Amino acid sequence: MVILNKTLWFLVIILLSLILTPASKFPTALKSISNHEDLPDLRLDGSDTYNNGTILLLFTQKYNKTRYNTIIHLRIILNDETIYPVEIDCSSQPDFIPKCKKSKDSDACSLTPKALIEGYVLIESIDKSNRKKQMIVSWDNKIDSILELDEYKITVPLNSNQDFSIMELKNNKTLVWSKFTIDQNNVSLKREDKIYNVPNNKIIIHNFFDPFSLVEGGYAAIVFMRTELIYNKEFKNKNSIDEIYVIYFEDILPHQQFLLHSSSSEKSELISVAFLRGGCVSFFDGSGYTYDFIETFNKIESSNFLKSGSYNTFRIHFLSNGAVTLININLNITDIDFVATPLFYGGYIGQYSKRNDKSLVVLDSNNNVKNELHLPFYDSEKLKSFVMQKQLYIWLFNCSDQMWNINYYSLDLIDDYDSRYIYQNPSINGTYPKINETIKISSTSRKQIDFIINYNRPIMLFYGNITLYQYLDDDIILRQRVSGRSDLCRLFNETAVAIKIFVSALHQTNVKYGIEVDDDFVKLQSNEEPLLGISEKIWTFYTSLETSEKPADQVSIISRLKLNKEYYKMINSADGHMILTQLKDELVQAIPIDPKRLEIHNKIQDEYTDNKILISATIKPSFTNNGDERNTDSVLNDLDELIKKKKYNLMSNGNITKFFDTSYGAKILPDFWTRYEYHMIAFAVLIVIIGCMILCANYKYREGNNFSIIKIVIITSDLVLDIMFIITSANETSHLFFFSLLSVVIPIAFNTMMTTYSLIQEMIHNENFNNWCKKHGLTISIFTILSSADVEALHILSSKIAGFSVFSAPPLSNKISSLIFWAGCINIFVEDIPQFIIQIYYRRGTIDYTIIPTFSLISKS
């Protein structure tokens, strides 16, 4: 009973202590992630945080009592709380995992991960001899590079996942800048090195060099240099000049350097605040770069210079071009032993090094205390690695046996509804559409939609891009990309920019879209400093239709490609089918559309000029009624717009779609009978008129060969159609034009020769015919021209149509009639059959078949 009472009192005391403990002493975690590892004996060696908030943990596993396993276990914790395991096999680098981990010297060894860009990690190994070795590994379990660097620092751009840099200092005289870039296939890193040598009379003091990334791309470094001057015999000492430079390492241009500050006092010395605060102090604040440093009038060897107050504190603000815009002297730095890390939205987070109560302090940009957190389990020396800069969280790790968990705590520096926090950008004041907003798309109007970005300071447009993506399963697909200097962007109210988005870029509904803004999309008006953009996957939104679209029938379309010589040769060869298949795959993604709804026809129409071809396709109605897929009319209109505006969208990136002719677009391939309905009606009316003429002629004069009217019409129309085909259609194909021209010129020359010979012979040997010709000179002239198309037209002169005298010439002699008969037979092989073959060939190779070739084919038939 006594034991029970003591236990009860003990529980009451614990309960009261928890109730009476101030809430601020143990802040409540915003969220927590727990994970159970299947591997025993895991030890956390280190951790870090990526710019986007992804957390990196590094574990090693004890293989037995005397040695460790050669596998490094990485755990990548994404923002959606997904835990991605990465296993790095170091058996090929047996000395990389420090051997002293099995001995009493374990405190002298370390295995530390350092977050690079998404997909890559640098792991640093330090053994008991303090020898450093680095390994760059990828998330797909591969070792990319092995390095051996001593004094070095890593820089990762704020909004880029394509490159990072490592800067190494050698002998206080040389900076080696190495840029690592993901290659185009995203399978490896490409390295590029540049070297900066300090002038002979200078050295880099205290190993103070602080690299950082530039908003517009590229890298720079803050460097403390000392210049030793001539020995002063009177004072028996050496004077020196301490200077702070910013050095730029660009991709193309050689390095440039600009002086930020200089101190030439005999006893003074410049000291980086990083030396005292233990954190990075150069950071981007939305309008340039800020750096804190100290000028002390007692040499740094004196440990009491801070207490003496014989120093000045400086905060210098400069632009990416090296221009200094502001210098604050004697800052109110709360406590110089404060271990601090700058925060993305301004201010600092850190701990007073003389206090051991696990207390974190959050300061604003003016060094005023905004918040104080009492948190367990964190290591103040690695404070920077626990901060999620853009999310304004700090995460802490706790591990017990095979179970570990991560707790997230808010720094409470700015409100959650602050636009800077929402868009993770210190310069953004809001957008249209808002994040996760659903915008309505008109099903009838093709008017462009204005997307708006509001900034919190006056801006000017620049050459960076704004990119619209669509999220499709696990992929993101480019829908539109516009430069800030494009006609599609306009500035208004000095702080807002409107970007015109094409309806075709928002083709699908009820899906997720996102917008990425490049870092140099806009600049400040005041000093032309580039501003940060908006990272991909932050500014997302959805679309829906204002009204449901009515179902539409399938439609056949036609478009033009302007190929280069290589693809032009391929598409006219056996590889043509492969090219059209690739074209369909690219169109399916660019529109986008269900592949079953798009059919590319195998027929192409070769225009033989500038490597142009016409292609055709059929867009089919949607197979579902879920409202997500647009009808055929919308698909056609979007495709037409995508082609005409291809420089802004995915079309320009396709191997085949990049060849679409923007001046042609995508057109409906009309139904022949619908397109030429009135022409066919006119043709039918003409036949009726001819029939009526024959009936009238028979009624007037039955003895005449009145059906010769048909021959007059056929011969005349045949000649006209042949000439019109050459002018309007055959010139589209060079080889058909040549043969079509020959099939007209040669028969005309032949028939003209036969006609002239026949008329001369009849006039000489047929006196009655000669006398008739003298009376009907105009008729002879007309029929001479008509007979040049077909010599058989001479028989019409004797046909006595309707008893008219102009058709009542004496019959031709048997000799000339026989000659005309055989000339007509020759015409079949010289004119009719070749032209019929040409028409068939043209018909088979033509997509857009017009009325003139149709009538010409009928005539030849």
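Residues numbered from 1 in each chain as written. Predicted model: local features only at pLDDT ≥ 70, side-chain atom pairs only at ≥ 80, totals over all residues. Heavy atoms only, no water.

1. Here we look at the overall build of the protein chain
Helix and strand counts for the protein chain come out as 16 helices and 44 strands. Every one of the 861 residues in the protein chain was classed for burial, and the buried ones make up 50%. A separation threshold of at least 6 residues defines the contact pool for the protein chain, and within that pool the share at least 24 residues apart is 58%. Taken as a whole, the protein chain presents about 42400 Å² of accessible surface, with 55% of it coming from carbon and sulfur. (Helix = DSSP H or I, 4+ residues; strand = E, 2+ residues; numbered from the N terminus. Buried < 20%, exposed > 50% of the residue type's maximum accessible area, 1.4 Å probe, protein only. Contact = heavy atoms within 4.5 Å. Areas by Shrake-Rupley, 256 points an atom, 1.4 Å probe, with all protein chains shown as cover.)

2. Side note on the UniProt feature "transmembrane region" (unreviewed entry) in the protein chain
Under the UniProt annotation, the feature "transmembrane region" (unreviewed entry) is placed at residues 678-697, 709-730 and 736-760. Secondary structure content for residues 736-760 is 100% helix and 0% strand, and the end C-alpha separation is 36 Å. (UniProt positions renumbered as here; feature names shortened; annotations may be inferred.)

3. Describing unusual backbone geometry
Residue Tyr432 is joined to Pro433 through a cis peptide bond whose omega torsion reads -5°. A cis amide bond links Ile591 to the next residue, Pro592, at an omega of -15°. The phi dihedral of Glu494 is positive, around 65°, even though this residue is not glycine. Examined against the element boundaries, Glu494 turns out to sit in the loop between β36 (489-492) and β37 (496-501).

4. Details of the sheet that holds strand β43 (residues 612-619)
Spatial ordering of the open sheet is given by β42-β43-β41-β44, a layout of four strands whose pairing is antiparallel. Of all the strands in the sheet, the pair left with one neighbour each is β42 (598-606) and β44 (666-668). Each strand axis lies, on average, 30° off the axis of its neighbour in the sheet, ignoring direction. Running over the sheet, helix α8 (residues 632-644) touches β41 (555-562), β43 and β44 and is turned about 145° from β44. (Pairing = 2+ DSSP bridges. Axes fitted to C-alpha atoms, helices over the stretch in contact; angles between N-to-C directions.)

5. Some words on the environment of Tyr471
As for its position among the elements, Tyr471 is in strand β34 (residues 465-472). Taking the C-alpha atoms as reference, Tyr471 lies 7.4 Å from Gly514; in sequence the two are 43 residues apart. Leave out the neighbours within four places in its chain, and Tyr471 touches Ile476, Lys512, Tyr513, Gly514, Glu536, Lys537 and Thr540. Within the structure, Tyr471 has its side chain in polar contact with the side chain of Glu536 (distance 2.7 Å). Of note is the side chain of Tyr471, whose polar atom sits 3.3 Å from the backbone nitrogen of Lys537. (Polar contact = N/O pair within 3.5 Å; in protein donor to acceptor, adjacent residues only side chain to side chain.)

6. Here's the deal with the pattern of salt bridges
Under the counting rule described, the total for this entry stands at 17 salt bridges. Taking the shortest distance from any N to any O, the salt bridge between Asp193 and Arg191 comes out at 3.0 Å. You can call Arg191 partly exposed: its relative accessible area is 42%. Among the ionic pairs, Arg630 bridges to Glu549, the shortest N-O distance being 2.9 Å. In this pair, Arg630 sits in the loop between β43 and α8 while Glu549 sits in the loop between β40 (534-545) and β41, placing the two residues 81 residues apart along the sequence. Looking at Glu549, the relative accessible area reads 17%, which means it is buried. Here the salt bridges do not stand alone but share partners, grouping Glu37, Arg75 and Glu87 into one network. (Salt bridge = Lys/Arg side-chain N within 4 Å of Asp/Glu carboxyl O.)

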